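Here are the chains, one letter per residue:
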Amino acid sequence: MEEYIILMRLDLITREAQPSPEQLQVYMQQYQSWVDGIVAAGKFVGGKGLSTEGKVIRFDRVITDGPFVEVKESIAGFISIRANDFDDAAAIAALCPILNGEGNSVEVRRIIDREQRS
Amino acid sequence: MNLDARLPHLFRTEYRKIVSVLCRTFGLKDVETAEDIASETFLTAAQSWGIEGMPPNPTAWLYTVARNKASNHLKRSGIYSKQVMPEYSRQYNSPAEFKDDLSNEFFEDSQLRLMFALCHPSVPAEMQVSMCLRLLCGFGVGEIADAFMTDKENISKRLLRAKERLRNLNVSLEIPPTDQLHARIGPVLTTIYLLFNEGYYSNSGDQVLRRDLCLEAIRLNTMLIEHDVTNVPQANALMALMCFHFSRFDSRMGVEGEVILYDDQDVSAWNADWVSRGGFFLQRSRQGDSITSFHLEAAIAYHHAVAEPDKWNNILHLYNQLLQINPSPVVAMNRAYALYKVAGPEDALAALEDVSLSDSHLYHALLGQLWSSRDDDRARDHFLQAIAIARSPALKVALQKKLDQL
């Protein structure tokens, strides 16, 4: 088993498309069952949701507030999982409920440690 | 921790607490900022609670996130306004503090203030109802559109215009002092009643949504009654009226979603709990010295909600009184129905001679019924018009049945 991180990217929501509290509660429940499934399979390592606002620091050390004009999407959260290989990790990531929203995406990366074989 | 199954509307319930406090912070000149911050707060919650489970105290969690976002926003807009728009800054940059108070009293106080502001007499009624659904009930634009059987774009525009109106009026967020209360509570109660009627009579086939609308109206009215200043007899009368009506909510629809007209309803399915609740508020509404339209309508609704031998006589009496203080065609039409039950179709038809409500399906349905067995052609004609006007398929089916019985 190798460790992978799943980054969830959210298309910045326009005011017209703001989901209602009721819809957001449904999203939360979808997340919960997704995560519950990963936990049940013994593959969940950990994860966090992230605030919508943030700071960006560039090479010249100038600090600016997010949202991040250059990137249309912002990272909404991440989880890390254990998976057999990239295909296995991608299959799990493909079930992420954030993908129900148009414009959203997830990114899967393998975490490298010092004892890494490849 | 999994989401507790007993909290089906947790987000909606929490949203209205948070958004009312945010509105209190930013004032009605900046409702959009309050909405944006509330929206982001719940988006963050959905993501974070979805991954890690709900925190032990969701309200406190949301409140803290919203407060941080609000203070960030004020800091940023403060810098912006000082550097870019000194004039704007002088005028507007005096935010109320985001109090460190998580008590129910504070949230309810914030919601009541918002209720009076949104139902300001200078804001048109349909805007008031939509704004209340959005900010006081936590409905989304799509849900409001479903309730009014229109599209989202329409509702968005309506909300936008309402916000503009509120901004220009510069309405303050306060519970009116006692000397102004009488004038200000009228529109609030009217809006609550409209909201209730939207749920009770709406053409929308979505039974769950309609039920929610009725319960929301009852909840808003409960807040008024639980507050010392706003607990006026008229508010209790409206509450009684809604409780009596609501007791028959489920019996008005059959298992296949078809409308069951009053005479065909199963009396044993009328909910006695709601009737006795209504009775309690009707009793309390009698403490005042004036009889309002709500008082009479509540009494009429009471007689509809119970099985009694002299029902229609009592109802007719009350309609006679109601017609004196509210001489509208709809009241006259409803009175004619009671008259028909008491004295027969002849008298009812005579009473309807001066009433014209030709765009109401109820009017044609009543005329259809009154003419049937006397002049089947005229009866058929009215039933056909009623079917043509009725907007919900379920209602059309119920009317078609009447037509077929001729």
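Because the structure is a prediction, the values reported are computed rather than measured. (Residues numbered from 1 in each chain as written. Chains lettered and ligands numbered in written order. Predicted model: local features only at pLDDT ≥ 70, side-chain atom pairs only at ≥ 80, totals over all residues.)

### Let's talk about the overall build of chain A
Step number 1: The helix and strand tally for chain A stands at two helices and six strands.
Step number 2: Taken from N to C terminus, the helices and strands of chain A fall in the order β-α-β-β-β-β-α-β.
Step number 3: In chain A, which comprises 118 residues, the proportion classed as buried is 26%. (Helix = DSSP H or I, 4+ residues; strand = E, 2+ residues; numbered from the N terminus. Buried ≥ 20, exposed ≤ 12 C-beta atoms within 10 Å, placed from the backbone.)

### Let's talk about the overall build of chain B
Step number 1: Across its full length, chain B carries 19 helices and zero strands.
Step number 2: Per-residue burial over chain B gives 41% buried out of 406 residues.
Step number 3: For chain B, restricting intrachain contacts to residue pairs at least 6 apart in sequence, the fraction spanning at least 24 positions comes to 63%. (Contact = placed C-beta atoms within 7 Å.)

### Things to note about the interface of chain B and chain A
Step number 1: Contacts between chain B and chain A engage 28 residues on the former and 26 residues on the latter.
Step number 2: Mapped by element, the contributors of at least two residues to the side of chain B that touches chain A are helix 1 (10-26), helix 2 (31-52), helix 3 (58-84) and helix 7 (141-147) of chain B.
Step number 3: Residue contributions to the side of chain B that touches chain A peak at 13 residues, all from helix 2 of chain B.
Step number 4: When the residues that make up the side of chain B that touches chain A are grouped by side-chain class, the tally is 10 nonpolar, 11 polar and seven charged. (Nonpolar A, V, L, I, M, F, W, Y, C, P; charged D, E, K, R; others polar.)

### Here's the deal with the nonpolar core
Step number 1: In terms of nonpolar packing, the biggest core is built from 132 residues, with Leu22, Cys23, Leu238 and Ala298 of chain B touching the most fellow members.
Step number 2: Sequence-distant contacts of alanine 298 of chain B, defined by excluding residues within four places in its chain, comprise Ala237, Ala240, Leu241, Phe244, Leu282 and Ser285 of chain B. (Core = buried A, V, L, I, M, F, W, Y, C linked by C-beta atoms within 7 Å.)

### Some details on the domain arrangement of chain B
One frequent convention defines the size of an interface as the accessible area lost when the parts assemble.
Residue and element names in this part refer to chain B.
Step number 1: As far as domains go, chain B holds domain 1 (1-96), domain 2 (104-231) and domain 3 (357-406).
Step number 2: Counting from both sides, the interface comprises 14 residues of domain 1 and, opposite them, 15 residues of domain 2.
Step number 3: For the side of domain 1 that touches domain 2, the elements supplying multiple residues, two or more each, are helix 1 and helix 2. (Domains from an automatic or database assignment.)

### Here's the deal with the environment of phenylalanine 281 of chain B
Residues and elements named next belong to chain B.
Step number 1: Among the structural elements, phenylalanine 281 can be located in helix 12 (residues 272-285).
Step number 2: What makes phenylalanine 281 buried here is the crowd of 23 C-beta atoms within 10 Å.
Step number 3: Along the primary structure phenylalanine 281 and leucine 241 are separated by 40 residues, whereas in three dimensions their C-alpha atoms are 8.8 Å apart.
Step number 4: What phenylalanine 281 contacts, discounting residues up to four positions off in sequence, is Asn236, Met239, Ala240 and Cys243.

### As for the sheet that holds strand 6 (residues 105-110) of chain A
All names here are of chain A.
Step number 1: What the four strands build is an open sheet, ordered 2-5-1-6; its pairing is antiparallel. At either end of the open sheet lies a strand with only one pairing partner, and these are strand 2 (44-49) and strand 6. The sheet shows a mean angle of 20° between the axes of neighbouring strands, direction not considered.
Step number 2: Across five bridges, the pairing between strand 2 and strand 5 (residues 73-83) is antiparallel. (Pairing = 2+ DSSP bridges. Axes fitted to C-alpha atoms, helices over the stretch in contact; angles between N-to-C directions.)

### Some remarks on the confidence of the model for chain B
Residues and elements named next belong to chain B.
Step number 1: On average, residues of chain B carry a pLDDT of 88, and 93% of them reach 70 or more.
Step number 2: The least confident element of chain B, judged by mean pLDDT, is helix 4 (residues 86-92) at 41; the most confident is helix 11 (residues 233-246) at 97.
Step number 3: Reported for the predicted complex are a pTM of 0.85 and an ipTM of 0.89. (pLDDT = per-residue confidence, 0-100.)

### Some points on the packing of helix 9 (residues 178-201) of chain B against helix 11 of chain B
All names here are of chain B.
Step number 1: Look at helix 9 against helix 11: their axes get within 11 Å of each other, and the N-to-C directions meet at 5°. The angle between helix 9 and helix 11 places the two elements in the roughly parallel class. Facing helix 9, whose interface residues are Ile185, Leu189, Ile192, Tyr193, Phe196 and Tyr200, helix 11 presents Gln234, Ala235, Leu238, Met242 and His245.
Step number 2: In terms of residue class, the contact of helix 9 with helix 11 is built from nine nonpolar, two polar and no charged. (Parallel < 35°, antiparallel > 145°, perpendicular 65-115°, else oblique.)

### Some thoughts on the environment of proline 97 of chain A
Residue and element names in this part refer to chain A.
Step number 1: Note on placement: proline 97 falls in the loop between helix 2 (86-93) and strand 6.
Step number 2: Given 21 C-beta atoms within a 10 Å radius, proline 97 is considered buried.
Step number 3: Proline 97 sits 94 residues away from glutamate 3 along the chain, and the two C-alpha atoms are 21 Å apart.
Step number 4: Those residues in contact with proline 97 that lie beyond four places of it in its chain are Tyr27, Gln30, Tyr31 and Trp34.

### Brief notes about unusual backbone geometry
Negative phi characterises most residues that are not glycine, and trans characterises most peptide bonds.
Step number 1: Backbone geometry at arginine 61 of chain A places phi at a positive 65°, although glycine is not the residue there.
Step number 2: Mapped onto the fold, arginine 61 of chain A is located in the loop between strand 3 (55-57) and strand 4 (63-65).
Step number 3: With 6 C-beta atoms packed within 10 Å, arginine 61 of chain A lands in the exposed category.
Step number 4: Residues other than glycine seldom take positive phi values, yet asparagine 170 of chain B does so here, at roughly 55°.
Step number 5: Its location among the elements puts asparagine 170 of chain B in the loop between helix 8 (152-169) and helix 9.

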